[in-house]
Structures are given as C-alpha cells and as structure tokens.
Amino acid sequence: MKQKIKLREIYQTDLYARSRVSELVKHIDSEAKSIELDFADVGFISRSFSDELYNVIEKDGRDFSFIHQNDEVKAMMLMVKDGRNKERSRGVSNARIYNMDSVSSLSKYFLTM
Amino acid sequence: MQGVVVHIPNVPEEERIGFGFNYLIKVISETERCDFVRWDFRDVEFLHPFFLAPLAIYKDMSRKEIVCVNMSVSLRNYLTSVSFNDMLYFGYTDNNGLLDRINGYSNKKYTPFSSFALTDKNKDDIYTVVSSVILNQTNIALRNPLTYLISELLDNIYEHSHSVKGYVFSQYLERDGVINLCIADNGITIYNSFKDAMLYQKEIDGNEAESLKLANEGYSTKNLPDAENRGYGIPTSKRVLVDGLKGGFFMLSGGAFHRYEGGHNDYVNLGNIFRWKGTIILMRIPVVVPVGFSIYDYIE
C-alpha cells in the first residue's frame with residue numbers, strides 16, 4: 001500500500017525549520033509499503049529542511065516519491081541530495097585572524113570598515 | 001538613585017559601519033559600569049540600523065534599569081514605531097494578535113524589533129511572518145535569497161544557540177539601496193557550542209575567533225556519525241549574500257567578531273575589551289539583484 005501525504009496539510013507554504021521534519025514523521029504510516037510526498041502549494045524548502053528530510057528517508061529505508069514540486073523546491077532538494085553523496089570540499093581559506101589587545105587597536109580596526 | 005548618564009551619539013545613515021561599532025562598544029562599556037543608567041539621546045537625529053539593532057537587543061537582554069532621556073519628538077516617534085523600548089514578543093501562547101500587528105508593517109521600510117521564545121510551536125509563525133513582511137517591503141527578485149538567508153540563520157538559533165530568546169529587526173535604507181537585517185540570540189555563543197559538544201577543541205584551543213572561523217567554514221557540532229551533512233547554513237548564506245549579491249556579513253559572538261565583505265574575511269579576537277552575550281548577525285543586503293543571479297550558484 002502506498003501512503004500519500006499532502007505536506008500542506010501538515011505545514012504552511014514554506015518549509016523552513018529542520019526540526020519541523022519530525023511533524024512529518026508522526027504522519028508516516030508504519031504499515032505503508034511506500035510513501036508519496038505531495039508538495040502541491042509548497043513554495044519554498046530550506047536547505048536544512050531538505051537535508052533533514054533525506055535523513056528521515058534514509059533512516060526509514062522505504063521508497064519515498066515526490067510529486068508537484070515547483071522548480072525551486074525541486075532544485076533545492078536535488079542539490080541537497082547530490083551534496084550528501086559528495087565529499088565536502090572547502091578549498092583554501094583566505095581568512096585572517098586578528099588579536100586585539102587594546103581599545104585603540106580595536107577602534108582602528110573598526111575604522112577600516 | 002546614583003547612576004550614570006551615557007551619551008548616545010548621532011549615527012547617521014551615511015556613517016561608515018565601523019564608526020557604529022566603535023560607538024556601540026563605548027556605549028555598552030559605559031553602561032556596564034552601573035545598574036541604573038540614563039541613555040541621553042539629545043544629539044541623536046538618526047541611528048544607523050547596525051548601531052540601533054545591537055543597542056536595542058542589549059537593552060532588552062540587560063538586567064540594568066536603562067532609561068532613555070532627551071529624545072526629540074521625531075526620534076521618540078520613530079523609536080516607538082520600531083518598538084525599541086517594548087519589543088514585540090512572540091511567546092509560548094497564541095500569537096495571533098502579534099502576527100496581525102507585525103503584518104501591518106508590510107508597507108513600511110522596516111520591521112519592528114521582535115523577540116521570540118524558541119519553541120517548536122512558534123517556529124512557523126516566526127519564519128513566515130518575518131520573511132513575508134520583509135519580502136513585502138522589497139522586490140520579487142530578492143525573494144529566494146532573502147528567504148534562504150532568513151531560514152538558515154533563524155534555524156541556527158533554534159538548533160545551536162541554547163538560548164531563551166531570538167531577535168530579529170530589519171530596515172531598508174533607500175539612500176544606500178540596502179536592507180539591513182539583524183538576527184540575534186542570547187545564547188551560549190559559538191565558542192561555547194563547540195566547547196559543550198567537545199568538538200574541535202584542539203583546533204580552537206581557547207581561541208574564540210578560531211571557533212567563529214570554524215563555524216563560518218561549515219564545521220558543525222551536529223553532523224551524522226559518518227557524514228559531514230551539517231554546517232552549510234552560515235557559509236552558504238554568506239556566499240549568497242556577499243559573493244552573489246555583493247552585500248556584507250558581520251557576526252559578533254562572545255569575544256569574537258567576523259567581517260565578510262568587500263574582499264575582507266576577518267576574524268577578530270576582542271580580548272578583554274568587549275564581550276557580547278550571545279550571537280548577533282548583521283547583514284547588509286543590496287536590493288538590486290545582479291542580472292542572472294541564482295542562489296544555486298552559491299550554495300551546495
């Protein structure tokens with residue numbers, strides 16, 4: 001049996017907070033063979049929400065499908081999914097660390113801004 | 001009652017950001033000297049958002065009795081309209097009245113100072129109201145990047161700060177063509193979030209600026225055991241804002257400061273000079289979006 005979940009019945013139009021994915025988990029039927037997530041009227045999904053969603057999906061192990069994703073939601077979810085399979089690359093940092101030891105030195109630094 | 005009088009300087013719209021930070025440190029340092037303080041606004045005609053926002057948040061967080069005196073009528077009216085003295089507070093109960101009130105700012109160039117309890121119950125309210133009000137004040141091209149910034153940085157507060165309250169404020173300065181957005185918490189600071197998690201302690205080695213650098217480079221306290229799946233919020237938000245939109249990103253957390261703008265990528269240990277209780281992020285967001293801009297070129 002495929003369970004169909006309309007996300008707008010759980011959430012508002014934009015999916016922001018990572019921890020809110022737990023609300024979806026409460027709606028997933030443990031007896032379902034597969035789950036279809038309907039993104040109709042979902043306007044935005046954050047990177048954090050997408051990542052947590054994939055955490056849930058991977059941990060669950062069943063087949064999850066998505067329908068009615070708009071272009072932005074689809075792009076974000078694809079990007080997050082691809083990123084999870086890649087080794088993270090940070091490149092060379094060009095950061096500089098300054099240690100201030102007086103009010104005047106800090107003031108001089110701020111005046112460069 | 002004995003107390004101190006602290007002079008609040010005029011910080012006009014065209015003032016450089018660094019002047020505002022210098023004034024802020026001076027005002028807070030002087031205020032810290034006594035439990036009863038009068039902030040004297042006699043010389044103030046305008047307060048740049050990067051000075052005003054930390055000042056308001058400090059006042060809200062402080063246990064001191066701070067009385068504001070000698071305000072001009074126009075200044076008093078402005079500070080009342082932005083809820084400087086009485087921030088809107090999204091608490092643990094029904095926030096519908098507040099939601100209606102903040103939605104009334106859609107046609108203004110600023111949002112009022114708003115603080116919020118960090119509960120699951122009001123998360124959606126905070127995100128939706130803050131982003132919708134700010135977005136209604138700007139153009140459609142900014143929708144995606146602004147929503148991205150707000151969602152990632154607000155979520156960080158909930159996930160990492162261990163704080164009681166979060167804060168948000170925004171103001172559009174037409175002269176500069178920028179939205180100045182402030183998101184803050186009164187939590188444990190980035191340094192202490194790594195310390196509590198007992199992660200990267202060798203790399204940080206007691207250096208708060210180093211901890212800020214690690215957080216900004218995407219090192220997280222909450223990765224999965226065998227994957228680096230977290231820590232993308234801050235670095236990608238900065239890339240969107242600064243590399244993509246040519247804005248500015250400033251962060252103050254505990255005894256460390258970070259500047260990412262105009263080719264600068266600086267982390268500053270403030271030593272014993274100044275400490276901020278919690279973490280505050282100030283962003284300068286240009287309202288004109290470069291042609292061909294896409295957030296997907298800057299996030300991973």
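As a starting point, this report considers the structure included with it. (Residues numbered from 1 in each chain as written. Chains lettered and ligands numbered in written order. Predicted model: local features only at pLDDT ≥ 70, side-chain atom pairs only at ≥ 80, totals over all residues. Heavy atoms only, no water.)

A few words on the overall build of chain B. The secondary structure content of chain B amounts to ten helices and eleven strands. In chain B, which comprises 300 residues, the share counted as buried stands at 62%. Accessible area of chain B: about 12,100 Å², with a carbon and sulfur share of 48%. Taking the average place of the 29 positive charges on the side chains of chain B and the average place of its 36 negative ones, the gap between the two points comes to 4 Å. (Helix = DSSP H or I, 4+ residues; strand = E, 2+ residues; numbered from the N terminus. Buried < 20%, exposed > 50% of the residue type's maximum accessible area, 1.4 Å probe, protein only. Areas by Shrake-Rupley, 256 points an atom, 1.4 Å probe, with all protein chains shown as cover. Lys, Arg positive; Asp, Glu negative; His and termini not counted. Charge placed at Lys NZ, Arg CZ, Asp CG, Glu CD.)

A tally of helices and strands in chain A yields four helices and six strands. Along chain A, from the amino end to the carboxyl end, the secondary structure elements read β-β-α-β-β-α-β-α-β-α. Computed over C-alpha atoms, the radius of gyration of chain A comes to 21 Å, more than 25% over the 13 Å expected from 2.2 N^0.38 for 113 residues, which places it beyond the range of a compact globule. Overall, the C-alpha framework of chain A stretches about 70 × 30 × 25 Å when taken along its three principal axes. The buried share of chain A, reckoned over its 113 residues, is 44%. Once local pairs closer than 6 in sequence are excluded, the contacts in chain A between residues at least 24 apart make up 80%. Per element, the accessible surface of chain A, about 6,200 Å² overall, is 47% carbon and sulfur. (Rg over C-alpha atoms; globule rule 2.2 N^0.38 Å. Contact = heavy atoms within 4.5 Å.)

Tallying the contact residues gives 50 residues for chain B and 39 residues for chain A. Between chain B and chain A, a total of about 4,300 Å² is buried, with carbon and sulfur atoms accounting for 51% of that surface. Taken as a group, B:Asp124, B:Ile273 and B:Tyr296 account for 14% of the area that chain B buries against chain A, more than any other trio of residues on that side. When the shortest N-O distance is used, the salt bridge between A:Asp14 and B:Arg143 registers 3.3 Å. (Buried area = accessible area lost by both parts, 1.4 Å probe. Salt bridge = Lys/Arg side-chain N within 4 Å of Asp/Glu carboxyl O.)

Here we take up the sheet that holds strand E9 (residues 256-261) of chain B. Read across the open sheet, the nine strands follow the order E6(A)-E10(B)-E9(B)-E8(B)-E11(B)-E7(B)-E6(B)-E5(B)-E4(B); overall the sheet is mixed. At either margin of the open sheet sits one strand with a lone partner, and together these are strand E6 (96-99) of chain A together with strand E4 (88-90) of chain B. Pairwise comparison of adjacent strand axes, ignoring direction, gives a mean angle of 15° for this sheet. Bridge count for strand E7 (residues 178-185) of chain B against strand E11 (residues 276-286) of chain B is eight bridges, and the pairing is antiparallel. (Pairing = 2+ DSSP bridges. Axes fitted to C-alpha atoms, helices over the stretch in contact; angles between N-to-C directions.)

This brings us to helix H3 (residues 71-84) of chain A. The end-to-end C-alpha separation of H3(A) is 20 Å, in line with the 20 Å expected for 14 residues at 1.5 Å each. Buried residues of H3(A): A:Val73, A:Met76, A:Met77, A:Met79, A:Val80, A:Gly83 and A:Arg84, and no others. In an axial view of H3(A), the angular spread of the buried residues amounts to 160°, which keeps them on one side of the axis. Structurally, H3(A) contributes buried residues whose contacts are with strand E4 (44-45), helix H2 (47-60) and strand E5 (63-67) of chain A together with helix H6 (143-160) of chain B. For H3(A), the N-terminal cap is A:Asn70; the gap from its side-chain oxygen to the backbone nitrogen of A:Glu72 is 3.1 Å. (Expected span 1.5 Å × (residues − 1). Arc of directions from axis to C-beta. Polar contact = N/O pair within 3.5 Å; in protein donor to acceptor, adjacent residues only side chain to side chain.)

Attention now moves to the sheet that holds strand E2 (residues 36-40) of chain B. Residue and element names in this part refer to chain B. The three strands are arranged E1-E2-E3 in an open sheet whose pairing can be described as parallel. Each having just a single partner strand, strand E1 (4-7) and strand E3 (65-69) make up the two edges of the open sheet. Between one strand axis and the next, the sheet turns through 25° on average, direction left out of account. In this sheet, E3 lies alongside E2 in parallel orientation, the contact comprising five bridges. In the strand pairing of E3, Arg38 is matched with Val67. Along the sheet face, helix H1 (residues 17-31) touches E1, E2 and E3 and points at about 175° away from the line of E1.

Turning our eyes to something else, we now look at helix H3 (residues 73-81) of chain B. Residues and elements named next belong to chain B. Looking at H3, one finds that the buried residues are Leu75, Tyr78 and Leu79. Taken around the axis of H3, the buried residues stretch over an arc of 95°, which confines them to a single face. Among the exposed residues of H3, those oriented more than 90 degrees off its buried face are Val73 and Thr80. Buried residues belonging to H3 abut helix H2 (49-61) and strand E6 (165-173). Ser83 lies just past H3 and shows a positive phi near 60°.

A few words now on the packing of aromatic side chains. For the structure shown, the criterion picks out 25 aromatic pairs over all chains. Judged by centre distance (5.4 Å) and plane angle (85°), the ring pair of A:Tyr11 and A:Phe49 falls under edge-to-face. Of this pair, A:Tyr11 sits in the loop between strand E1 (2-6) and strand E2 (14-15) while A:Phe49 sits in helix H2; the two residues are 38 residues apart in sequence, bridging distant segments of the chain. Taken individually, A:Tyr11 and A:Phe49 each receive the classification buried, so the pair is uniform in this respect. Ring centres of B:Tyr105 and B:Tyr110 lie 5.9 Å apart, and the angle between their planes is 65°; this geometry places the pair in the edge-to-face category. Just as B:Tyr105 is buried, B:Tyr110 falls in that class too. (Phe/Tyr/Trp six-rings, centres within 6.5 Å; stacked < 30°, edge-to-face > 60°.)

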